[in-house]
Amino acid sequence: MQHLLTLEGMPRDTIVALLDRAQAFVDDADADHRSILAGRAICTLFFEPSTRTRLSFQRAAQRLGADVLNFDAATSSTTKGETARDTLKTIEAMGVHGFVVRHAENGAVAALAQAANPGTALLNAGDGRSAHPTQGLLDMLTLRQAKGADFSKLKVLIVGDVRHSRVARSDLHALRALGAGEIRVCGPKSLLPEDDGTLAGCTVTQDFDAALDGIDAVMMLRLQRERMAEGLVASLDDYRRDFGLTIARLKRASGDAVVLHPGPMNRGVEIDDEVADGPQSLILRQVANGVPVRMAVLEALLHV
Amino acid sequence: MQHLLTLEGMPRDTIVALLDRAQAFVDDADADHRSILAGRAICTLFFEPSTRTRLSFQRAAQRLGADVLNFDAATSSTTKGETARDTLKTIEAMGVHGFVVRHAENGAVAALAQAANPGTALLNAGDGRSAHPTQGLLDMLTLRQAKGADFSKLKVLIVGDVRHSRVARSDLHALRALGAGEIRVCGPKSLLPEDDGTLAGCTVTQDFDAALDGIDAVMMLRLQRERMAEGLVASLDDYRRDFGLTIARLKRASGDAVVLHPGPMNRGVEIDDEVADGPQSLILRQVANGVPVRMAVLEALLHV
Amino acid sequence: MQHLLTLEGMPRDTIVALLDRAQAFVDDADADHRSILAGRAICTLFFEPSTRTRLSFQRAAQRLGADVLNFDAATSSTTKGETARDTLKTIEAMGVHGFVVRHAENGAVAALAQAANPGTALLNAGDGRSAHPTQGLLDMLTLRQAKGADFSKLKVLIVGDVRHSRVARSDLHALRALGAGEIRVCGPKSLLPEDDGTLAGCTVTQDFDAALDGIDAVMMLRLQRERMAEGLVASLDDYRRDFGLTIARLKRASGDAVVLHPGPMNRGVEIDDEVADGPQSLILRQVANGVPVRMAVLEALLHV
């Protein structure tokens, strides 16, 4: 594996091996892993702004002893007119071995990976609405910690703007690879994907209350405010009424159901405070798992 | 001590111990202290822009071997709509042990500290007009190096916009704790605090010339240009005439009086070049002391 | 040598020694050089934005084990009103031993160097149109790798906006010091220097085709788009027709001629894709050489 571009089509064993390694980093939280990537250099190359994902990768790289360069291509004035490919090739020539890349366009990271040298690894940190593979992996690690390694009896519900969500797509890829027992998807029709295969095998509904029945894990998605400007959502109040996870609604799920959200949250819109901060929330656990998951991926791609 | 939020109410012995440790770092400037915080991670979390304080904390953390993440919340577009508390909790979950926080609102850092886990330390790097405790400590270290450890005979004058100054408040807290012999405060009435206890025990005057008589240390404050827009200062010329420290004026102070300023300076407004760059100025010494003082604080809060 | 401000007047032996050391870093690419600058601190102090040069210096500093602070003075709001000198002196006081400085004004870095302490090194990372010495050195290293150490038979052509180019000036200084056999300069009259000695000893022409005859190395310069707004260039199409390096044009040069460009490139303007990405292009090699050249300079100035 030279790059990590998507979880689509990734074999179950590969996913499980990455999760196992990430779990080992969790279990061994105080160990010094700095020799693993000592002398290796990683560049965060963000063509779309992001703080959380960048910090999480930085922390992972620090714990592995890698050197980190940061390039915020979204705000750089100096690369105006330069192609993303030239930017990548330039920084690669400086002796950078891995790139953590975020880009607003679908497939942009895969296209850049075509231009990379054989010894260079690209990690997709989110491209368009296509994929966010490390988020998918950290969500699976979080589910596995809570519910065990056998996903075959797991009933999972994904709620919200699946159409525009790379998180949802990577979660769906991973859930299928791990053999999740049942995957339900719920959201307003305007925010569900067109008939492009994204929801193959999923039960799809607009009725959030019904969809929660007997569910083991609720994976909430962030509502981007721009969906209102685009006319895809009538109002935040309407959205909350139909698709917001309240404490009352959560009671419809299985008694030990867990709640996930990739952040940042719109509190009071897609999720209420009582749920986000309640005992069933794994939201901060997800963030915590992001670091060991990214350590596992960086090690797999960059350790020599 | 889990956090460093303010010097108000801090026992004299605690302050002295921090200053002693900082002085040891000064005396041992070339030693390698990287093992002290090796494996520990610190995030500078700035909700208000600042470069000097952030760089000083970064340098202190580097010298102690800590990993540093930087998050400029003031300019981040990705956390719009996210609460400061959620931002803190998210980065904390990534395995960050200490936060250096600046915020424009009084008490904001203390409020965030309420949300931190028991093992997480918050360092107030300036909140509103309330406190800037490491600046207070580095000012005390600078005074102690110049004037000795016995503050009881020391006559100190603080000049300028005390009303809006967190530096002045932290200096006042520290000077009182260390038993300064006399504290005078001088500035235009519009820039002096209302009757809120800030100036308890201080001699207050608008007559800069008289206030300088026999003084051992003059602590100048920066005049924010926005005070003119707010109508609190008539003009820079007027301000300089009444409250600018000129070489002529400095002669009214004790012959070996020292001059401090937290920077950045408005040269030709609150302080003249001849003073700022003259033999009585300790302004660059203050900056230099900022690093060992922050090392002492980081060690006290984060060393395991 | 306390600072590296310009290559003008630098003895041939000094340049050769720096290139030799850089070549040793190239030959020994996997070695661990972190002890060379362990415990030393460097600040990138950019009063004009730049990403590529800053990243290259950062990577060089990382490979030498130095601590790095970054200060983007161009975008910092906190230092408004502070002089560049005060900014430098402040960060210097924090225990920073070397500064990598970029500034929009000619001679600004040399002026700042006057203010530095005896133990502090300033490295000019580009000032106005005056000098960009590490770019000059990396260009010489690239030429030497391709053409050998004896420059006396080398015919070099510099093409483009020499008037505004610090890269061209540093290249000219270095080529003269190394005894280049022939230096030709080609560009529109509006973009050639006035009679200020810059082109002393050079053959100057506006006829790009004729200038290429028998040349061994073509050093293309970036065309800043602002030259059009200034009326110095009629149109990009006209510029490409007269001064763009096409594959057809390159055939006029020596059969084993090499092509250099400091980046970022305006593809399709001063250089065509087939040339930039072709077998005679050394453009990515230049970028790669930037890191060992900067390592050699940082070591020479900062190793204790």
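Quick caveat: nothing in here was measured; it's all calculated off a predicted structure. (Residues numbered from 1 in each chain as written. Chains lettered and ligands numbered in written order. Predicted model: local features only at pLDDT ≥ 70, side-chain atom pairs only at ≥ 80, totals over all residues. Heavy atoms only, no water.)

Once that is clear, we can look at the pattern of salt bridges. Under the counting rule described, the total for this entry stands at 63 salt bridges over all chains. In this structure, A:Glu82 and C:Arg52 form a salt bridge, with 2.7 Å as the shortest nitrogen-oxygen distance. Pair noted here: A:Glu82 is in the loop between β2 (67-72) and α3 (84-93) and C:Arg52 is in helix α2 (residues 52-63), and the two residues belong to different chains. Each member of the pair, A:Glu82 together with C:Arg52, is buried. Notably, a salt bridge pairs C:Asp256 with C:Lys147, separated by 3.6 Å at the nearest N-O pair. (Salt bridge = Lys/Arg side-chain N within 4 Å of Asp/Glu carboxyl O. Helix = DSSP H or I, 4+ residues; strand = E, 2+ residues; numbered from the N terminus. Buried < 20%, exposed > 50% of the residue type's maximum accessible area, 1.4 Å probe, protein only.)

Attention shifts here to the interface of chain B and chain A. Listed per partner, the contact involves 22 residues of chain B and 18 residues of chain A. With both chains or domains summed, chain B and chain A bury close to 1700 Å², and 56% of this area falls on carbon and sulfur atoms. Taking the shortest distance from any N to any O, the salt bridge between A:Arg59 and B:Asp67 comes out at 3.1 Å. On inspection of chain B and its partner chain A, the count reaches 6 residue pairs in polar contact (both at pLDDT 80 or more). Of all the secondary-structure elements, those providing two or more residues to the side of chain B that touches chain A are β2 (67-72) and α3 (84-93) of chain B. For the side of chain B that touches chain A, the leading source of residues is α3(B), giving 6 residues. (Contact = heavy atoms within 4.5 Å. Buried area = accessible area lost by both parts, 1.4 Å probe. Polar contact = N/O pair within 3.5 Å; in protein donor to acceptor, adjacent residues only side chain to side chain.)

Time to look at the interface of chain C and chain A. Taken together, the contact pairs 18 residues of chain C with 22 residues of chain A. Buried area between chain C and chain A, both sides added, is near 1700 Å², and the carbon and sulfur share of it is 56%. Looking at the side of chain C facing chain A, the largest losses of area belong to C:Thr51, C:Leu55 and C:Arg59, adding up to 31% of the total buried there. Here chain C and chain A share 4 salt bridges between them. Among the salt bridges present, the one from A:Asp86 reaches C:Arg267, with a minimum N-O distance of 2.5 Å. At the junction of chain C and chain A, the tally comes to 6 residue pairs in polar contact (both at pLDDT 80 or more). Listed by contribution, the elements that provide at least two residues to the side of chain C that touches chain A are α2 and α12 (283-302) of chain C.

Residues and elements named next belong to chain B. What the 4 strands build is an open sheet, ordered β2-β1-β3-β4; its pairing is parallel. The outermost strands of the open sheet, each flanked by one partner alone, are β2 and β4 (121-127). Strand after strand, the sheet turns through a mean of 15 degrees between neighbouring axes, direction not considered. One ladder, built from 6 bridges, connects strand β1 (residues 41-46) with β2; its direction is parallel. Following the sheet pairing, Ile42 is matched in β2 by Val68. (Pairing = 2+ DSSP bridges. Axes fitted to C-alpha atoms, helices over the stretch in contact; angles between N-to-C directions.)

A word on the relation of the copies chain B and chain A. Rotating chain B by 120 degrees and moving it 0.0 Å along the rotation axis overlays it on chain A with an RMSD of 0.0 Å. Each copy turns onto its partner about a three-fold axis. (Least-squares fit on C-alpha atoms with pLDDT ≥ 70 in both.)

Of all residues except glycine, most have a negative phi; of all peptide bonds, most are trans. Put simply, B:Gly263 and B:Pro264 share a cis peptide bond, and its omega is -10 degrees. Take B:Pro264: it is sitting in the loop between β9 (258-260) and α11 (273-276).

The next subject is the domain arrangement of chain A. Bring the parts together and some accessible area is lost; that lost area is often taken as the interface size. All names here are of chain A. Domain parsing of chain A yields domain 1 (12-132 + 287-302) and domain 2 (133-284). The distance between the C-alpha centroids of domain 1 and domain 2 comes to 26 Å. With 29 residues of domain 1 at the contact, the number on the domain 2 side is 27 residues. At the boundary of domain 1 with domain 2, total buried surface from both sides reaches about 2300 Å², with 58% on carbon and sulfur atoms. Among the residues domain 1 hides against domain 2, the three largest losses belong to Leu19, Arg129 and His132. Together they make up 31% of the total. If you look at where domain 1 meets domain 2, you find 2 salt bridges. (Domains from an automatic or database assignment.)

All names here are of chain A. The end-to-end C-alpha distance of helix α5 (residues 133-147), which contains 15 residues, comes to 21 Å, matching closely the 21 Å that a straight helix rising 1.5 Å per residue would cover. Of all 15 residues in α5, 12 are buried, a share of seventy percent or more. All of the buried residues along α5 are Pro133, Thr134, Gln135, Gly136, Leu137, Leu138, Asp139, Met140, Leu141, Thr142, Leu143 and Arg144. (Expected span 1.5 Å × (residues − 1).)

Before going further, it helps to spend a moment on the sheet that holds strand β9 (residues 258-260) of chain C. All names here are of chain C. An order of β7-β6-β5-β8-β9 is seen for the 5 strands of this open sheet, with the pairing classed as parallel. Both outer strands of the open sheet, β7 (203-205) and β9, are each paired with one neighbouring strand and no more. Direction aside, neighbouring strands of the sheet carry axes that sit 20 degrees apart on average. Taken together, the 3 bridges between strand β8 (residues 217-220) and β9 define a ladder with parallel strand orientation. Residue pairing in the sheet places Val218 in a bridge with Val259 of β9.

This part covers the environment of C:Leu64. Examined against the element boundaries, C:Leu64 turns out to sit in the loop between α2 and β2 (67-72). Taking the C-alpha atoms as reference points, C:Leu64 and C:Ser35, separated by 29 residues in sequence, lie 6.6 Å from one another.

Our focus in this paragraph is the environment of C:Arg102. All names here are of chain C. With respect to the secondary-structure elements, Arg102 resides in strand β3 (residues 98-103). Excluding residues within four positions of it along the chain, Arg102 makes contact with Leu45, Phe46, Phe47, Glu48, Pro49, Ser50, Thr53, Ala125, Gly126, His132 and Arg166. Of note is the side chain of Arg102, whose polar atom sits 3.4 Å from the side chain of Ser50.

This structure, assessed with the given rule, holds 3 aromatic pairs over all chains. Note on A:Tyr239 and A:Phe243: the rings are 5.6 Å apart at their centroids and 45 degrees apart in plane angle, and the pair reads as tilted. Of the two residues, A:Tyr239 and A:Phe243 are both situated in helix α9 (residues 236-243); the distance of 4 residues between them amounts to about one turn of the helix. For the pair A:Tyr239 and A:Phe243, one class covers both residues: buried. The residue whose ring lies beneath B:Arg294 is B:Phe57, and the NZ or CZ to ring-centre distance is 4.9 Å. Directly above the ring of C:Phe46 sits C:Arg54, whose terminal nitrogen or CZ lies 4.7 Å from the centroid. (Phe/Tyr/Trp six-rings, centres within 6.5 Å; stacked < 30°, edge-to-face > 60°. Lys NZ or Arg CZ within 6 Å of the ring centre and 35° of its normal.)

What follows deals with the side chain of C:Arg54. Topologically, C:Arg54 is positioned in helix α2. Notably, C:Arg54 is buried but unbridged: the nearest opposite-charge side chain belongs to C:Asp72, and the N-O separation is 4.1 Å. (Lys, Arg positive; Asp, Glu negative; His and termini not counted.)

Each regular strand carries side chains that alternate between the two faces of the sheet. Residues and elements named next belong to chain A. With 6 of its 6 residues buried, strand β1 (residues 41-46) lies for the most part within the structure. What you see with β1 is no split at all: Ala41, Cys43 and Leu45 on one side and Ile42, Thr44 and Phe46 on the other are buried throughout. Once you follow β1 into helix α2 (residues 52-63) and on to β2, the crossover reads as right-handed. Pairing analysis gives 5 bridges linking β1 to strand β3 (residues 98-103), with the strands arranged parallel. Paired with Leu45 across the strands is Val101, a residue of β3. (Right-handed = clockwise from strand over helix to strand, strands pointing away.)

Where α3(A) meets α12(C), the axes come as close as 7 Å, and the angle between the chain directions of the two elements is 45 degrees. Relative to α12(C), α3(A) is oriented oblique. Between α3(A), through A:Lys89, A:Thr90 and A:Ala93, and α12(C), the contact on the second element is made entirely by C:Leu284, C:Val287 and C:Ala288. (Parallel < 35°, antiparallel > 145°, perpendicular 65-115°, else oblique.)

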